Amino acid sequence: MAAIIATYPQRKMETSFEIEASADEFYSVFKSQAFHVPKHASSHMEAVDLHEGDWESRGSVKLWKYVVGGKTETFKEKVELDDEKRMVTLVGLEGDVFKYYTNYKAVFQETPNVGICGYCL
């Protein structure tokens, strides 16, 4: 299951969704290939730059530039990785999202699903 957790004065929001990719493929995008995301979602993602660390290390910091309503916004995150569970936690550090939320943490973890695509995130 992938849970996007955003705290706004004591509120929590979660969602789960299915994907058509293996858990390893999905995990590797967040672990070591985030720089490919803007190529595949260019209408929404302008860039992702490495701010600290490297593309594959726990604790690396990335700066995303994305478009909302025609306006470019930024989001700086610290990446936490759990290879055994194939879990990625993206901890928000700064950016436009903090105009609306006091805390931002997105957690992505693969769980088996007997549905059409075989994995639920």
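Predicted model only: the values in this text are computed from it and were never measured.

## Some remarks on the overall build of the protein chain
Right, so step 1: Secondary structure assignment for the protein chain yields two helices and eight strands.
Right, so step 2: A burial count over the protein chain gives 36% of its 121 residues as buried.
Right, so step 3: Residue pairs in contact within the protein chain that sit at least 24 positions apart in sequence constitute 36% of those at least 6 positions apart.
Right, so step 4: A total of about 7,400 Å² of accessible surface is found on the protein chain, and carbon and sulfur atoms cover 51% of it.

## Comments concerning the nonpolar core
Right, so step 1: In this structure, Phe-30, Trp-64, Phe-75, Val-88, Leu-90 and Phe-108 are the most contacted members of the largest nonpolar core, which totals 18 residues.
Right, so step 2: Counting residues per element, the ones that place at least two in this core are α1 (23-32), β2 (45-52), β3 (61-68), β4 (71-82), β5 (87-95) and β6 (103-109).
Right, so step 3: Leave out the neighbours within four places in its chain, and Phe-75 touches Lys-62, Leu-63, Trp-64, Tyr-66, Gly-92, Glu-94, Gly-95, Val-97, Phe-98 and Tyr-104.

## Examining the packing of aromatic side chains
Right, so step 1: Applying the stated rule across the entire model yields three aromatic pairs.
Right, so step 2: Between Phe-35 and Trp-55, the aromatic rings sit 5.2 Å apart at their centres with planes inclined by 65 degrees, giving edge-to-face as the arrangement. Here Phe-35, found in the loop between α1 and α2 (37-40), pairs with Trp-55, found in the loop between β2 and β3; they are 20 residues apart in sequence, far enough to count as distant.
Right, so step 3: Judged by relative accessible area, which is 22%, Trp-55 ranks as partly exposed.
Right, so step 4: Note on Phe-75 and Tyr-104: the rings are 5.2 Å apart at their centroids and 75 degrees apart in plane angle, and the pair reads as edge-to-face. Of this pair, Phe-75 sits in strand β4 while Tyr-104 sits in strand β6; the two residues are 29 residues apart in sequence, bridging distant segments of the chain.
Right, so step 5: Within the aromatic cluster, the residues linked to one another by ring pairs are Phe-75, Tyr-101 and Tyr-104.

## Details of the pairing of β4
Right, so step 1: Where β3 meets β4, eight bridges bridge the pair, whose relative direction is antiparallel. Directly across from Leu-63, in β4, lies its bridge partner Lys-76.
Right, so step 2: Where β3 folds back onto β4 in an antiparallel hairpin, the turn is made up of two residues, including Gly-69, whose phi is positive at roughly 60 degrees.
Right, so step 3: As defined by bridge partners, β4 adjoins β5 across eight bridges and the pair is classed as antiparallel. Note that in β5 the partner of Phe-75 across the bridge is Gly-95.
Right, so step 4: The hairpin turn running from β4 into β5, its antiparallel successor, is four residues long, and Arg-86 in that turn takes a positive phi close to 50 degrees.

## Considerations on the confidence of the model for the protein chain
Right, so step 1: Here the protein chain averages 80 in pLDDT, and 80% of its residues register 70 or above.
Right, so step 2: Ignoring residues within four places in sequence, the model shows residues 1-8, a span with pLDDT below 50, making 47 contacts including any to other chains.

## Looking at the pattern of salt bridges
Right, so step 1: Applying the stated rule across the entire model yields four salt bridges.
Right, so step 2: The partner of Asp-24 in a salt bridge is Arg-86, with the nearest N and O atoms 2.6 Å apart. Here Asp-24, found in helix α1, pairs with Arg-86, found in the loop between β4 and β5; they are 62 residues apart in sequence, far enough to count as distant.
Right, so step 3: The class of Arg-86 is partly exposed, set by a relative accessible area of 29%.
Right, so step 4: Ionic pairing is found between Asp-83 and Lys-31, a salt bridge with its closest N-O pair at 3.2 Å. Of the two residues, Asp-83 is situated in the loop between β4 and β5 and Lys-31 in helix α1; the sequence distance between them amounts to 52 residues.
Right, so step 5: Take Asp-83: its relative accessible area is 47%, and that puts it in the partly exposed class.

How each quantity is defined
- The residue count restarts for each chain, going from 1 along the sequence in the order it is written.
- Given that this is a predicted model, residues contribute local features only at a pLDDT of at least 70 and side-chain atom pairs are listed and counted only at 80 or more, while totals for whole chains, interfaces and linings are drawn from all residues.
- For side-chain calculations, the full set of non-hydrogen atoms in the structure is used, while hydrogens and water are omitted.
- Only DSSP runs of H or I with at least four residues qualify as helices, and only runs of E with at least two residues qualify as strands; both kinds are numbered from the N terminus onward.
- Relative accessibility thresholds used throughout: buried, under 20% of the residue-type maximum; exposed, over 50%; partly exposed, between the two (1.4 Å probe, protein chains only).
- Contact criterion: two residues are considered in contact whenever any of their non-hydrogen atoms come within 4.5 Å of each other.
- Surface accessibility in these figures is a Shrake-Rupley result with a 1.4 Å probe; residues are shielded only by whichever protein chains are displayed.
- Side-chain atoms within 4.5 Å are what join buried Ala, Val, Leu, Ile, Met, Phe, Trp, Tyr and Cys residues into a set we call a nonpolar core.
- For this analysis, a ring pair means two rings from Phe, Tyr or Trp (six-membered ring only for Trp) whose centres lie within 6.5 Å, classed as stacked if their planes differ by under 30 degrees, edge-to-face if by over 60, and tilted for the remaining angles.
- Any two strands are treated as partners once DSSP identifies two or more bridges connecting them.
- One number per residue, pLDDT, summarises how confident the predictor is, and it ranges from 0 to 100.
- The working definition used for a salt bridge is a side-chain nitrogen of Lys or Arg within 4 Å of a carboxyl oxygen of Asp or Glu.

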